[in-house]
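One letter stands for each residue in the lines below.
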Number of protein chains: 4
Amino acid sequence: MSDKAWGGRFDQEPSALAAQFSQSVSVDQRLALQDIRGSQAHARMLAANGIISASDGNAIVQGLDEIRTRIERGEMKWDPAREDVHMNVEAELTERIGAAGARLHTARSRNDQVATDMRLWTREACFDTIAKIDQFLSVLCTRAFEHVDVLMPGYTHLQRAQPVRLAHHLLAWGEMLERDRGRLYDAAQRMNECPLGSGALAATTFAIDRAATARELGFARPAQNSLDATGDRDFLVEAVAALANCAVHLSRISEELVLWSSQEFGFVQMSDAFTTGSSMMPQKKNPDMAELVRGKTGRVVGSLVTLIVLLKGLPLAYNRDLQEDKEPVFDAFDTVGASLRVLAGAIDTAAFKADAMRRALREGFLDATEIADYLAAKGVPFRDAHHVAGRLVARAIRSGKVLMELTLAELREENGAFDADLFAALDPETIVERRNIVGGPARAQVRLQIEALRDRLIARGFSLPGVEFA
Amino acid sequence: MSDKAWGGRFDQEPSALAAQFSQSVSVDQRLALQDIRGSQAHARMLAANGIISASDGNAIVQGLDEIRTRIERGEMKWDPAREDVHMNVEAELTERIGAAGARLHTARSRNDQVATDMRLWTREACFDTIAKIDQFLSVLCTRAFEHVDVLMPGYTHLQRAQPVRLAHHLLAWGEMLERDRGRLYDAAQRMNECPLGSGALAATTFAIDRAATARELGFARPAQNSLDATGDRDFLVEAVAALANCAVHLSRISEELVLWSSQEFGFVQMSDAFTTGSSMMPQKKNPDMAELVRGKTGRVVGSLVTLIVLLKGLPLAYNRDLQEDKEPVFDAFDTVGASLRVLAGAIDTAAFKADAMRRALREGFLDATEIADYLAAKGVPFRDAHHVAGRLVARAIRSGKVLMELTLAELREENGAFDADLFAALDPETIVERRNIVGGPARAQVRLQIEALRDRLIARGFSLPGVEFA
Amino acid sequence: MSDKAWGGRFDQEPSALAAQFSQSVSVDQRLALQDIRGSQAHARMLAANGIISASDGNAIVQGLDEIRTRIERGEMKWDPAREDVHMNVEAELTERIGAAGARLHTARSRNDQVATDMRLWTREACFDTIAKIDQFLSVLCTRAFEHVDVLMPGYTHLQRAQPVRLAHHLLAWGEMLERDRGRLYDAAQRMNECPLGSGALAATTFAIDRAATARELGFARPAQNSLDATGDRDFLVEAVAALANCAVHLSRISEELVLWSSQEFGFVQMSDAFTTGSSMMPQKKNPDMAELVRGKTGRVVGSLVTLIVLLKGLPLAYNRDLQEDKEPVFDAFDTVGASLRVLAGAIDTAAFKADAMRRALREGFLDATEIADYLAAKGVPFRDAHHVAGRLVARAIRSGKVLMELTLAELREENGAFDADLFAALDPETIVERRNIVGGPARAQVRLQIEALRDRLIARGFSLPGVEFA
Amino acid sequence: MSDKAWGGRFDQEPSALAAQFSQSVSVDQRLALQDIRGSQAHARMLAANGIISASDGNAIVQGLDEIRTRIERGEMKWDPAREDVHMNVEAELTERIGAAGARLHTARSRNDQVATDMRLWTREACFDTIAKIDQFLSVLCTRAFEHVDVLMPGYTHLQRAQPVRLAHHLLAWGEMLERDRGRLYDAAQRMNECPLGSGALAATTFAIDRAATARELGFARPAQNSLDATGDRDFLVEAVAALANCAVHLSRISEELVLWSSQEFGFVQMSDAFTTGSSMMPQKKNPDMAELVRGKTGRVVGSLVTLIVLLKGLPLAYNRDLQEDKEPVFDAFDTVGASLRVLAGAIDTAAFKADAMRRALREGFLDATEIADYLAAKGVPFRDAHHVAGRLVARAIRSGKVLMELTLAELREENGAFDADLFAALDPETIVERRNIVGGPARAQVRLQIEALRDRLIARGFSLPGVEFA
């Protein structure tokens with residue numbers, strides 16, 4: 001008799017080519033523990049409802065426990081001839097416990113089985129990624145706390161624009177990741193319905209208790225439509241889209257770390273543990289981890305597109321195309337998870353260079369806005385004030401000065417409203433401290449944000465004892 | 001003097017080429033009403049906090065009201081030389097009310113202005129799309145109610161698999177859209193923070209009241225980090241990803257409508273109002289609307305990719321690249337909105353062909369599972385029962401029969417457990433009714449699902465008086 | 001001393017996390033044979049130009065030969081601690097031949113080394129895929145030849161439109177693949193420049209002979225700019241874009257095979273070797289191979305997007321992001337290669353059902369165009385003729401007839417130009433044969449196309465002895 | 001009677017919603033001139049072959065000439081009720097010349113008509129883009145010529161690596177664009193087959209002369225398969241993939257211009273004509289054009305994905321989905337064309353800052369490779385030499401020196417092979433000039449490359465009189 005679950009009607013074996021092409025166990029063996037959990041819940045429910053005998057039920061649950069142990073020990077032999085993880089586990093079970101093993105598949109299909117496994121796996125992966133984001137946030141929180149007094153240029157268009165605190169910049173990264181966290185959480189909630197019992201497409205004739213299996217597997221409720229539960233994979237698109245958003249954020253953070261690591265900026269020195277050198281140029285300390293994270297954005301976005309293209313235009317319910325849903329999902333979670341850890345480590349161990357940042361603040365006319373604001377505060381319409389400031393910048397450039405070095409006389413040539421109190425207003429610390437509103441870079445505001453982040457992290461089970469303002 | 005807001009430092013005008021390339025008013029004029037609302041909230045707050053005079057505040061609010069009226073009447077002249085919607089509105093305002101107009105821009109930058117406008121617009125667009133989804137759902141609910149007694153083949157691999165109810169199939173579409181609705185809702189919640197007051201990147205020195213503007217504009221709170229608020233657009237990625245998921249769903253529904261409209265299936269006749277013919281082949285009644293909706297999936301996915309590629313690797317905070325965020329967002333909402341309406345209209349007016357569905361149920365051995373289940377119920381291990389059913393199908397094909405036409409003797413040649421009670425079990429209605437568990441196709445289950453959907457829609461303000469089971 | 005090529009300046013080892021994250025040998029070991037060929041060419045050139053000694057050169061070449069043998073036998077131990085394929089091979093070489101091994105890297109960098117390896121690999125992969133396309137084309141050619149007399153409905157909008165020959169349809173697939181072939185060929189030509197000698201970014205001070213290494217490695221010439229040669233990967237985007245076009249074609253062919261395999265169409269019976277069954281529904285013979293091929297389109301498109309996102313916005317020259325270029329390229333070639341083979345096998349062994357196609361031709365009013373053409377030939381303006389034909393279709397539907405069954409009297413009620421000679425014109429064979437122009441479905445045209453394809457394939461080294469018209 | 005071409009069979013008008021959704025004239029009117037050219041070629045051929053009368057043929061050609069004039073003058077009224085450009089032109093023609101106009105559509109379908117129009121348009125657009133690339137190349141050639149003596153740091157990992165010539169860097173951009181040009185040229189060649197005569201899907205019964213229309217429209221030959229010619233759009237994917245590759249190149253060039261424009265780098269000063277300022281920060285001179293070009297990469301990639309998703313899984317032949325092919329193609333060509341022009345203008349007018357580049361060369365240890373090479377030339381194995389150089393860099397950093405400032409004694413502490421001739425070897429000009437091999441940065445090599453580019457451009461019709469080395 002054929003090994004294949006569906007062999008009854010066939011005269012010949014699938015060609016080796018087709019068998020190799022269509023096997024999935026090399027990929028979906030990663031679902032093995034979820035598959036076993038699902039099968040055990042199914043077997044318990046079947047027994048509890050008299051669909052299989054109690055002894056069959058026990059034998060199945062125990063047999064699966066043994067298989068799990070084998071898998072965890074790396075002793076399981078995955079056989080591509082048995083196609084997928086489901087058939088491998090079931091065949092192994094039947095070898096162990098005999099006919100009872102074959103009864104496990106009563107009132108079930110591989111279609112609802114794999115849909116259940118993927119939801120279990122992906123739900124866990126969401127929470128695992130959330131934990132990694134929180135770890136990243138705790139690094140940001142700590143580093144922001146440590147550098148709350150370090151000023152740096154804030155940029156727009158990669159032009160020095162206005163001074164901010166380094167902590168304010170690090171907290172901006174934190175805001176981005178906090179939203180990524182929220183998206184993964186929402187995705188995990190939305191996928192939290194149990195497909196088990198949906199059968200191949202139209203449920204089953206057995207009087208199964210779907211609420212019981214859903215409950216045992218930690219789902220909020222059974223999926224409400226068997227065609228939809230076996231035929232849709234939108235929950236994977238949602239999760240991977242959240243990961244893509246996160247990957248884009250990580251690419252932006254990485255871009256900044258690469259910039260800051262350059263000799264031109266010099267704002268950060270990555271630790272040796274998180275940089276590499278060059279085989280040809282001994283002076284290089286390359287920010288490779290940040291570059292790799294930035295580059296890996298591509299594969300996360302690629303995985304998202306893979307899933308979408310895969311689903312486009314498929315009729316209901318299950319189609320074999322759906323077998324292709326696993327690798328992009330596994331790879332996207334692996335990639336973002338590893339990127340989060342590596343980048344958090346890199347930031348945790350990096351040395352920020354306050355001196356270089358301070359030097360950068362001296363040049364670049366970051367105080368020009370202050371001049372415009374100064375004039376506006378004296379009643380000059382803002383657009384006019386802006387023009388005056390612009391002309392002063394041009395004047396300073398022509399004479400090789402910074403704005404602070406212009407004389408009051410020179411200033412008054414452009415506009416009569418200037419007074420000696422201007423100069424105090426142009427100190428970076430003053431500039432930053434005057435921006436003392438919600439979301440602004442003033443110390444009090446940044447402190448509030450650090451404390452809020454710390455308190456969120458504590459509520460999530462983290463401990464940040466050092467983050468305590470005097 | 002130059003029209004440009006930033007003209008002060010420049011010796012020469014941007015070349016015509018660059019001006020044409022960088023103007024955005026042809027696109028972002030669509031934000032005009034949001035821009036005006038944001039500006040009015042800002043002006044009221046400035047006046048309330050004594051940053052501008054009360055009379056300036058009033059003049060601004062009133063002037064903007066007049067401009068809104070002009071825009072709504074289509075009388076506004078949008079001038080590309082004024083770059084964008086913000087400068088066009090402000091220039092128009094200043095022409096109307098003089099110097100007070102120039103004071104509107106106090107304590108504000110185009111960077112926080114456009115971030116605020118985009119959030120207002122996109123939040124509204126999410127709720128508008130949600131309303132269209134609900135409209136679609138109400139069509140599905142009604143049509144499912146009308147066809148609760150119509151049986152059809154359920155498919156996997158586009159092979160007839162097991163009988164289901166047409167209503168069950170329509171409700172599967174409803175489940176898909178219900179989740180799309182949830183994603184848009186979550187996206188709208190997450191973007192519900194007000195960037196106004198974040199300035200160019202580092203807030204402002206003016207003692208503005210960010211909570212007040214946030215409140216007036218209906219936001220849950222001010223955004224908490226000025227660099228993030230002006231430099232990130234992940235909320236657009238999230239919203240468009242939700243739309244892409246929805247578009248994929250619509251492509252799947254459309255694929256089925258195209259299939260069902262074929263002569264081969266013949267399950268549906270689209271109304272004349274939602275089909276077109278051929279210039280060369282007079283017999284054609286093409287399901288063009290479904291095809292167009294399916295085709296338009298591409299542009300929604302394209303918009304998602306556009307946004308992601310745009311954001312990848314950008315350093316903080318605002319970069320001019322972000323100007324390119326608007327068209328993909330506008331186009332994605334327009335496309336999905338129109339697709340929802342057209343497809344709902346097409347389904348609402350389509351004639352489903354119960355006869356053709358019934359004919360399709362007679363052939364295709366959709367009762368083969370019943371035979372396997374029948375044997376399993378008699379204690380035959382499921383995989384064995386499955387093999388028996390497979391052999392019977394092969395036998396029936398060889399003799400040109402359907403399973404119902406095999407004799408008891410023939411059946412028993414394959415397995416001794418068969419009895420005369422088998423034949424009653426093979427009627428499609430019986431098959432469907434035996435699948436009477438949560439999420440299954442039995443009438444009672446489908447009724448529950450229709451009523452649940454109806455009640456959700458009623459709770460959202462819809463009226464479905466006809467959907468009432470006897 | 002550290003194993004790392006760049007260890008000189010570092011005080012501490014990269015963290016295990018970073019090492020795991022940044023190692024690439026698990027992926028790029030696939031370049032090993034290309035790496036060895038490149039290194040041997042480099043060593044020979046170095047020796048020929050006196051940069052290393054002849055004996056060093058010989059030792060290197062021989063040592064690499066031995067390593068190749070180890071690799072081919074699967075005996076090579078790839079060590080992640082040695083980062084990548086280049087360092088693994090070089091370390092192994094140095095262990096074997098001592099100091100001479102360390103001299104191999106003279107006048108070379110990993111940056112030009114990997115760029116060379118990737119071009120060698122991808123160029124070969126292009127030609128390998130071309131061979132698979134040709135194999136596919138030879139299947140199409142043979143099957144078209146066998147079925148030149150089988151008529152089937154041609155479809156637009158998935159509506160039966162006009163009769164064509166099955167061979168004509170199969171040849172349409174051939175045209176699509178022929179263009180894919182051309183794209184891969186062009187890509188292979190354009191990437192046919194040798195980066196070796198470009199160094200890390202700025203060539204090398206050694207007086208190497210780049211023309212010699214280019215020649216030995218089969219490249220048309222050395223790459224002309226060292227920054228470009230080490231920093232760009234557009235040749236990968238081009239090759240994978242060609243593969244994506246091909247994958248889309250395969251998805252379209254697969255879609256048709258899935259449709260044709262349905263009970264509704266019944267145009268094809270896939271062989272048992274290329275279908276699978278259902279674990280729950282014993283009657284199913286699922287077109288899984290076609291579904292999988294269709295589904296795998298997603299990952300090829302995903303790989304294309306991965307590469308593009310990866311490259312977007314990178315400054316020159318080499319950045320570590322580029323390490324991520326390999327998996328999408330390997331996967332795209334593997335996927336398309338396997339899909340071509342499996343789909344060719346499926347088509348080669350499929351049974352086309354001429355009877356079902358003939359039945360489909362009888363219904364669906366595929367002769368309606370003939371009526372319009374008939375009238376146009378009698379001088380009725382085409383658009384009017386079209387309207388008459390449309391009204392006749394409507395009339396036939398109302399009376400449950402096909403057009404052939406309308407009486408001359410009925411026809412003349414719609415237009416007086418009809419005559420008895422109309423009826424002969426409505427036979428499908430007649431309809432097809434009247435379309436006897438270049439690119440049309442008439443037998444003579446299809447024969448010409450089959451012969452042209454056969455002759456192209458023969459010129460490419462294939463033998464198709466049976467494809468010979470009497 | 002209805003305006004619709006296909007109205008004969010319909011009882012009711014398409015709903016306004018559906019009409020709005022399915023009209024395409026707002027987009028495809030851009031094909032009007034191609035449509036007219038195709039129609040004129042078709043009419044001439046019909047008349048030449050006696051399918052329509054000579055006088056009808058003349059009337060059609062003349063009528064279409066008049067319509068072209070109207071269109072060129074902007075006087076054409078495009079009516080959405082007439083669906084598309086084809087019906088608009090034909091209806092306008094029939095209004096002008098009566099019944100003869102209706103005969104134009106003999107032996108033609110909108111399916112082959114639009115396929116022909118799109119090929120004509122896209123082929124022209126490819127050559128138009130090629131011309132813009134050549135224009136860009138001529139700017140690069142000129143600027144490289146002007147700056148052949150300017151040295152700058154070459155970067156890897158955004159770390160200063162080795163000195164190169166600015167001209168070498170500009171020429172690297174040129175190599176990238178040269179390949180983009182080749183791809184567009186190949187795409188234009190491959191699409192150069194004429195679909196006209198393929199009818200709706202199965203050619204036509206009229207004895208048309210497809211070779212004649214192909215020839216008149218400048219195509220290499222008629223398309224060889226009517227199903228393929230009307231149902232495939234792979235030529236658009238190929239063209240837009242070439243544009244995406246080009247857009248990625250432009251994003252990389254833009255990234256560098258943004259970097260170089262920063263105060264940190266200071267390598268370039270964009271001209272006022274190609275920068276803008278800030279509404280809030282008067283000192284800003286933002287590299288907006290480069291940022292916009294970088295941002296617009298997204299939409300080109302999005303267009304590529306749009307097309308691919310659109311085509312995925314479509315059965316042959318024409319499906320209405322294909323109507324959606326136009327906007328992504330138009331937008332991709334428009335975007336890349338404008339980006340090429342703007343970026344060429346920006347580079348043409350930019351001031352490169354040789355002083356800043358020279359300052360950057362002094363720091364960053366770009367001469368470290370020389371030390372390694374120096375030792376290697378003295379027989380030290382390269383990897384060892386590399387380690388010595390690395391240690392010297394570490395030593396220099398610790399003592400706050402550059403390598404040049406280390407004493408011979410200090411050098412010899414690390415390795416005895418150092419001699420006084422080392423110091424001359426560390427001058428940037430020397431370093432660059434020693435890299436005098438094909439593709440390297442030495443002046444002679446760069447000169448060869450500039451001359452080769454100049455000569456290619458001259459062969460393409462450009463005049464670069466100033467680019468002449470003494």
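Residues numbered from 1 in each chain as written. Chains lettered and ligands numbered in written order. Predicted model: local features only at pLDDT ≥ 70, side-chain atom pairs only at ≥ 80, totals over all residues. Heavy atoms only, no water.

Here's the deal with the overall build of chain A
A count of helices and strands for chain A gives 19 helices and six strands. Taking 2.2 N^0.38 as the reference for a compact globule, 470 residues should give roughly 23 Å; the C-alpha atoms of chain A span a radius of gyration of 30 Å, well beyond that estimate. When the backbone C-alpha atoms are referred to their principal axes, chain A occupies close to 100 × 50 × 45 Å. Burial statistics for chain A: of 470 residues in total, 70% are counted as buried. Contacts in chain A between residues at least 24 apart in sequence constitute 74% of all its contacts with a sequence separation of at least 6. (Helix = DSSP H or I, 4+ residues; strand = E, 2+ residues; numbered from the N terminus. Rg over C-alpha atoms; globule rule 2.2 N^0.38 Å. Buried < 20%, exposed > 50% of the residue type's maximum accessible area, 1.4 Å probe, protein only. Contact = heavy atoms within 4.5 Å.)

Notes on unusual backbone geometry
Here the amide bond leading from A:Leu316 into A:Ala317 is cis, since omega sits at -10 degrees, within 30 degrees of zero. Looking at where A:Ala317 falls in the secondary structure, it is placed in the loop between helix H12 (288–311) and helix H13 (326–349). Backbone geometry places D:His157, a non-glycine residue, at a positive phi of 55 degrees.

Brief notes about the relation of the copies chain B and chain A
Note on the copies: chain B fits chain A at an RMSD of 0.0 Å, the axial shift is 0.0 Å, and the rotation between them is 180 degrees. Such a turn and shift between the copies fits a two-fold axis. Across chain B, the rotation axis passes nearest the C-alpha of B:Ala241, at a separation of 3.2 Å. Interface overlap between copies is the fraction of interface residues in one copy that are interface residues in the other; for chain B against chain A it reaches 100%, indicating a shared surface. (Least-squares fit on C-alpha atoms with pLDDT ≥ 70 in both.)

Considering the interface of chain B and chain A
Interface size is commonly expressed as the accessible area that is lost once the parts come together. Contact with chain B, which involves 108 residues of that partner, is made by 108 residues of chain A. Note on chain B versus chain A: buried area summed over both sides is about 9,000 Å², and carbon and sulfur give 58% of it. Our count for the chain B to chain A interface comes out at 14 salt bridges. The shortest N-O distance in the salt bridge between A:Asp234 and B:Arg179 comes to 2.8 Å. (Buried area = accessible area lost by both parts, 1.4 Å probe. Salt bridge = Lys/Arg side-chain N within 4 Å of Asp/Glu carboxyl O.)

Some details on the pairing of strand S1 (residues 151–156) of chain C
Residue and element names in this part refer to chain C. The element S1 is largely enclosed, with a buried count of six among its six residues. Pairing geometry for S1 and strand S2 (residues 159–165), over six bridges, is antiparallel. What sits directly across from Tyr155, in S2, is Arg160. The turn linking S1 back onto S2 is made up of two residues, and His157 within it adopts a positive phi angle of 60 degrees. (Pairing = 2+ DSSP bridges.)

Focus on the side chain of B:His86
Residue and element names in this part refer to chain B. Within the element layout of this structure, His86 appears in helix H5 (residues 85–97). His86 gets classed as buried once you look at its relative accessible area, which sits at 5%. The contacts of His86, once residues within four sequence positions are left out, are Asp35, Arg110, Gln113, Val114 and Asp117.

Looking at the pattern of salt bridges
Residue and element names in this part refer to chain B. In this structure the tally under the stated criterion is 216 salt bridges over all chains. For the salt bridge of Asp272 with Lys285, the shortest nitrogen-to-oxygen distance reads 2.4 Å. With a gap of 13 residues between them, Asp272 in the loop between strand S5 (268–269) and helix H12 (288–311) and Lys285 in the loop between S5 and H12 connect regions that are remote in the sequence. Classification of Asp272 by relative accessible area gives buried; the value is 7%.

Considering the packing of H12(A) against H12(B)
In the contact formed by H12(A) and H12(B), the axes pass within 12 Å of each other and the chain directions differ by 175 degrees. In this view, H12(A) runs roughly antiparallel relative to H12(B), as classed from their interaxial angle. Where H12(A) approaches H12(B), its residues A:Val301, A:Leu304, A:Val305 and A:Ile308 are matched on the opposing element by B:Val301, B:Leu304, B:Val305 and B:Ile308. By residue class, the composition of the contact of H12(A) with H12(B) is eight nonpolar, no polar and no charged. (Axes fitted to C-alpha atoms, helices over the stretch in contact; angles between N-to-C directions. Parallel < 35°, antiparallel > 145°, perpendicular 65-115°, else oblique. Nonpolar A, V, L, I, M, F, W, Y, C, P; charged D, E, K, R; others polar.)

Here's the deal with the confidence of the model for chain A
All names here are of chain A. Per-residue pLDDT for chain A has a mean of 93; in total, 95% of the residues score no lower than 70. In this model residues 1–7 is a low-confidence stretch, pLDDT under 50, and it forms 25 contacts with partners more than four residues away in sequence or in other chains. Predicted as a complex, the structure gets a pTM of 0.95 and an ipTM equal to 0.94. (pLDDT = per-residue confidence, 0-100.)

Digging into helix H15 (residues 368–377) of chain C
Residues and elements named next belong to chain C. Across the ten residues of H15, nine count as buried, placing the element largely inside the fold. Among the residues of H15, those classed as buried are Ala368, Thr369, Glu370, Ile371, Ala372, Asp373, Tyr374, Leu375 and Ala376. If you follow the buried residues of H15, they end up packed against S2, helix H16 (382–398) and helix H18 (428–434).

What to know about the packing of helix H3 (residues 32–48) of chain A against helix H4 (residues 54–72) of chain A
Between two packed helices, what matters for the description is the angle formed by their axes and the separation of those axes. Residue and element names in this part refer to chain A. In the contact formed by H3 and H4, the axes pass within 8 Å of each other and the chain directions differ by 170 degrees. Comparing their axes, H4 and H3 come out roughly antiparallel. Residues Ala32, Leu33, Ile36, Arg37, Ser39, Gln40, Ala43, Arg44 and Ala47 of H3 form the contact with H4, whose participating residues are Ala54, Gly57, Ile60, Val61, Leu64, Asp65, Ile67, Arg68, Ile71 and Glu72. Partitioned by chemical class, the residues of the contact of H3 with H4 number eleven nonpolar, three polar and five charged.

Here we look at the packing of aromatic side chains
The description of two aromatic rings rests on the distance between their centres and on the angle between their planes. Following the criterion strictly, the structure yields 36 aromatic pairs over all chains and no others. The interplanar angle of 75 degrees and the centroid separation of 5.7 Å between the aromatic rings of C:Trp121 and C:Phe333 together place this pair among those described as edge-to-face. Taken together, the residues span a long stretch of sequence, with C:Trp121 in helix H7 (residues 110–146) and C:Phe333 in helix H13 (residues 326–349) at a distance of 212 residues. Summarising the burial analysis for this pair, C:Trp121 and C:Phe333 share the class buried. Centroid distance C:Phe265 to C:Phe267: 5.5 Å. Interplanar angle 90 degrees. Geometry classified as edge-to-face. Taken individually, C:Phe265 and C:Phe267 each receive the classification buried, so the pair is uniform in this respect. It is B:Arg119 that lies over the ring of B:Phe235; its NZ or CZ is 4.3 Å from the centre. (Phe/Tyr/Trp six-rings, centres within 6.5 Å; stacked < 30°, edge-to-face > 60°. Lys NZ or Arg CZ within 6 Å of the ring centre and 35° of its normal.)

Some points on the side chain of D:Thr129
For D:Thr129, the position within the fold is in helix H7 (residues 110–146). When residues no more than four places from it in sequence are discounted, the contact partners of D:Thr129 are D:Leu184, D:Leu243, D:Phe333, D:Val336 and D:Leu340.

Details of the environment of A:Ala273
Position of A:Ala273 among the secondary structure elements: in the loop between strand S5 (268–269) and H12. Residues A:Ala273 and A:Gly345, 72 residues apart in the sequence, show an inter-C-alpha distance of 9.0 Å.

Section: the state of the cysteines
The full count for this structure, using the stated rule, is zero disulfides over all chains. A disulfide-free cysteine, C:Cys126 has its sulfur positioned 12 Å from the sulfur of C:Cys246, the nearest such atom. (Disulfide = S-S within 2.5 Å.)

Here's the deal with the environment of B:Ala351
All names here are of chain B. Structurally, Ala351 is set in strand S6 (residues 351–352). Given the relative accessible area of 31%, Ala351 is considered partly exposed. The sequence separation of Ala351 and Met270 amounts to 81 residues, and the corresponding C-alpha distance is 6.3 Å. In contact with Ala351, other than residues within four places in its own chain, are Phe267, Val268 and Gln269.

Some remarks on helix H12 (residues 288–311) of chain D
Residue and element names in this part refer to chain D. With 24 residues, H12 extends 35 Å between its outermost C-alpha atoms, agreeing within 8% with the 34 Å of an ideal straight helix rising 1.5 Å per residue. Most of H12 sits inside the fold, with 24 of its 24 residues counted as buried. Phi turns positive, to about 75 degrees, at Gly313, one or two residues after H12. (Expected span 1.5 Å × (residues − 1).)

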